[in-house]
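# Summary of structural features
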Amino acid sequence: MHPRTPPRTHTHTHTRAANPTPPPAPTSTLAMLAHSAQKQGRLGRYIAFNRAVARHATREFPEEVACGTTHALAYTAVGRRYQARMNAPRQAGWRTGAALGIDDGLFLRLGRRKVDHRALSYSVLRTVTRFCQSADREIAPHHVPPLRGAESEPLHTHLADLVLPYARKAWADLQHPARGVVRFEHDHYVKMWALSEPVIPADFLLLDEAQDTNPVVEQVFTAQRDHAQLVLVGDSAQAVYGWRGARDIMTGFDGRQLTLSRSFRFGPALADEANRWLRIVGAPIRLTGSPSLNTELRTVPAPDAILCRTNVGAMVEVMRQLAAGRRVALAGGGESLSSLARAAHDLGSGRRTAHPELMLFETWRELREYAEFDPAGRDLLPLVELVDEHGAEALRRALDQLLPEEAAEVTVSTAHRAKGREWRSVRIADDFTGPDDLDEYEYDEAGSPAPGSVDTGEARLAYVAVTRARSLLDIGGLSWINSHPAGDPPRTGQKQPSGRPRTPSDQDGGIGRGIRRETGIRRETEGGR
């Protein structure tokens, strides 16, 4: 079933998959199925998206259903043998690269970019990680991640030729339980477990958040169909981790499909807002809000949560809220933003950085030119302008003031991290930007430049963001949809204006003034329900 959109269920002989919607928590739906199976004397296993969800599920599911994550299954079978290596101290990637034979004087010229031993070491380790998330049995060129400023196919091929021998050497190093130079991570033992073709003992398996399943998990799960009933739950419209290799395994699944479309989180007004995004992504179902709930769409000056498109957008909002005197929390902690601030400080001080997004730039000036003039780098522009205005040290000091969520007045989060969560009131941040206008020769009926089409992936993320609110939603940075041909006319009772989205300078008295509203630095890299 699906959690934020209408669920589906596919049934083929003894195989079934489901797809639920926003509020009737998919986990609760699976719990009902588990209690039904309990009465039949059947044993099952619930596979959760993360540990927090698994822990919560143990309180809802009967004892006959074991609740845990894929990593927990893999750890019991394989990972515990590597415990000594997982406790090894962390070290810089270039040190691991040196231990694998990457000389500190080695560098590669890719177009205008210089790839030094640090960038090469990072590429090697990321290649192994991408291989571990795949269903492939061997490391291949497509596992080598593209580097910023060197994304073209010929340059990537050149990079892969250099990276692959070291990546294969790293994978061989990881096979030793007691010793090795590569730090052993959780993804490593999951891949080893998958390669062993495991059989999970159960009469039925329940897979949650199936719309964002890594190929390695899909491979293991679908291999169990010969002995177990398979039930998948998820929301295809919330498939937002494709950039990380995940995919919606409910699409095309051979089974019976069931759907849930009634939301118990919010009322009809927010359901209308969600449905226009569902129309844009081509979802076959529409949500119905709960008549007993009153959810308003209007300006919310002091929301409980602010949802951002990017890490950079989150950094802007953190500084803005701190300047307003509010106690601020950042969902997932501030380490990802702190690492960006440290990288900016290094470049500004004349040192290269090991940050994976910025490692190919030798100076801050080079990064600024890339962000301002290269179409591939415009998502870095908010970071550049923020640092130029306030300085990297000011950003780091601001991040040091963050509090735990339970002690904060407002939580700032990326939309990716907000997935599966909810707040009473939510505002959508300004870094959710609309599509660019078409070229100068295309105009709409009013004589204005015709807007480009809405990217499906961005619409999915917008759908996730707007469905996090229970009582109040300020669509803020998504208000461009009110005047876009793909959007509906403003709905009855919607008080939010359809003009331009608010810009940072509208509210903050200077924090973030002049920052252009561009797509942000990088997709979130950690999931959460």
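The coordinates are above.
So, a few notes on the structure that sits alongside this text. (Residues numbered from 1 in each chain as written. Predicted model: local features only at pLDDT ≥ 70, side-chain atom pairs only at ≥ 80, totals over all residues. Heavy atoms only, no water.)

## What about the overall build of the protein?
Heads up, the rule is: In this description a helix means any DSSP run of H or I spanning at least four residues, a strand means any run of E spanning at least two, and both kinds are numbered starting from the N terminus. Accessibility here uses a 1.4 Å probe with only protein chains present; expressed as a share of the type maximum, an area under 20% marks a residue as buried, one over 50% as exposed, and anything in between as partly exposed. Contacts are residue-level and defined by heavy atoms, with any inter-residue pair within 4.5 Å sufficient. For accessible areas, the Shrake-Rupley method is used with a probe of radius 1.4 Å. Any residue's cover is judged against the shown protein chains and nothing else.
Within the protein one finds 17 helices and 15 strands. The buried share among the 529 residues of the protein stands at 54%. Taking as baseline every contact in the protein between residues at least 6 positions apart, the subset at least 24 positions apart corresponds to 73%. Here the protein has roughly 22500 Å² of accessible surface; of this, 49% comes from carbon and sulfur atoms.

## Re the sheet that holds strand S3 (residues 44–48)
Which entries qualify depends on this criterion: Strands are labelled as partners when DSSP assigns at least two bridges between them. In this analysis an axis means a line fitted to C-alpha atoms, helices contributing only their contacting stretch, and an angle means the value between N-to-C directions, from 0 to 180 degrees.
Strands sit in the order S4-S3-S7-S8 across an open sheet of four strands; the sheet is parallel. The open sheet has two free edges, formed respectively by strand S4 (65–69) and strand S8 (229–232), since each of these has just one partner strand. Neighbour to neighbour, the strand axes of the sheet diverge by 20° on average, direction disregarded. Note: S3 against S4, five bridges, orientation parallel. In the sheet register, alanine 48 faces S4, and the bridge partner there is threonine 69. Sheet strands in contact with helix H3 (residues 70–77) are S3 and S4, and its direction is about 95° off that of S4. Contacting S3, strand S7 (204–207) and S8, helix H9 (residues 215–222) runs over the sheet at an angle of about 145° to S8.

## Notes on the pairing of S7
Every regular strand shows the same layout, with side chains that alternate between the two sheet faces. Taking every second residue as pointing to the same face, both faces of S7 are buried, with Phe204 and Leu206 on one and Leu205 and Leu207 on the other. As defined by bridge partners, S3 adjoins S7 across four bridges and the pair is classed as parallel. Across the sheet, tyrosine 46 pairs through a bridge with leucine 206, a residue of S7. The pairing of S7 with S8 spans four bridges and is classified as parallel. Bridging across to S8, leucine 205 finds its partner in leucine 230.

## Re helix H17 (residues 456–466)
Selection rule: Two N or O atoms count as a polar contact when they lie within 3.5 Å, although within protein this holds only if one can serve as hydrogen donor and the other as acceptor, and sequence-adjacent residues are included solely when both atoms are side-chain atoms.
Within H17, eight of the eleven residues are buried, leaving the element largely enclosed by the surrounding structure. Contacts from the buried residues of H17 go to helix H10 (268–281), strand S11 (305–308), helix H16 (415–418), strand S14 (423–428) and strand S15 (469–474). In this structure aspartate 455 caps H17, since a side-chain oxygen of it lies 3.0 Å from the backbone nitrogen of glycine 457.

## What to know about the nonpolar core
Selection rule: In this description, a nonpolar core means a group of buried Ala, Val, Leu, Ile, Met, Phe, Trp, Tyr and Cys residues linked to one another through side-chain atoms lying within 4.5 Å.
With 55 residues, the main nonpolar core has Val115, Val124 and Trp171 as its most contacted residues. Looking at this core, the elements that each hand over two or more residues are H3, strand S5 (107–110), helix H6 (117–133), helix H7 (153–173), helix H8 (186–195), S7, H9 and S8. It is H7 that provides the largest number of residues to this core, a total of eight residues. Those residues within four positions of valine 124 in sequence are excluded, and the remaining contacts are Leu100, Ile102, Val163, Tyr166, Ala167 and Ala170. Counting 37 residues, the second-largest nonpolar core is a separate cluster that includes Val312, Val318, Ala398 and Ala429.

## What about the sheet that holds S15?
Strand pairing in a sheet relies on backbone hydrogen bonds, with the paired strands running either antiparallel or parallel. If you walk across this open sheet you meet the six strands as S10-S15-S14-S11-S13-S12, and the pairing is parallel. Strand pairing shows two members of the sheet lacking a second neighbour, strand S10 (296–297) and strand S12 (328–330), which therefore form its edges. Pairing geometry for S11 and S14, over three bridges, is parallel. Along S14, the bridge assignment pairs isoleucine 306 with arginine 427. Helix-sheet contacts for H17 involve S11, S14 and S15, and the interaxial angle to S14 is about 145°.

## Some details on unusual backbone geometry
The residue glutamate 197 is not glycine, and still its phi comes out positive at about 55°. Structurally, glutamate 197 is set in the loop between H8 and S7. Judged by its relative accessible area of 60%, glutamate 197 falls in the exposed class.

## What about the packing of H6 against H8?
This is how it is decided: Here roughly perpendicular refers to angles of 65 to 115 degrees, roughly parallel to angles under 35, roughly antiparallel to angles over 145, and oblique to all remaining angles. Crossings are assigned a handedness: left-handed for a near helix turned anticlockwise from the far helix by less than a right angle, right-handed for a clockwise turn.
Interaxial distance between H6 and H8 falls to 8 Å at its minimum, and their mutual angle equals 40°. It follows from the interaxial angle that H6 and H8 lie oblique. Crossing hand, H6 versus H8: left-handed. From H6, Val128, Thr129, Phe131, Cys132 and Gln133 reach across to H8, where they touch Asp187, His188 and Lys191.

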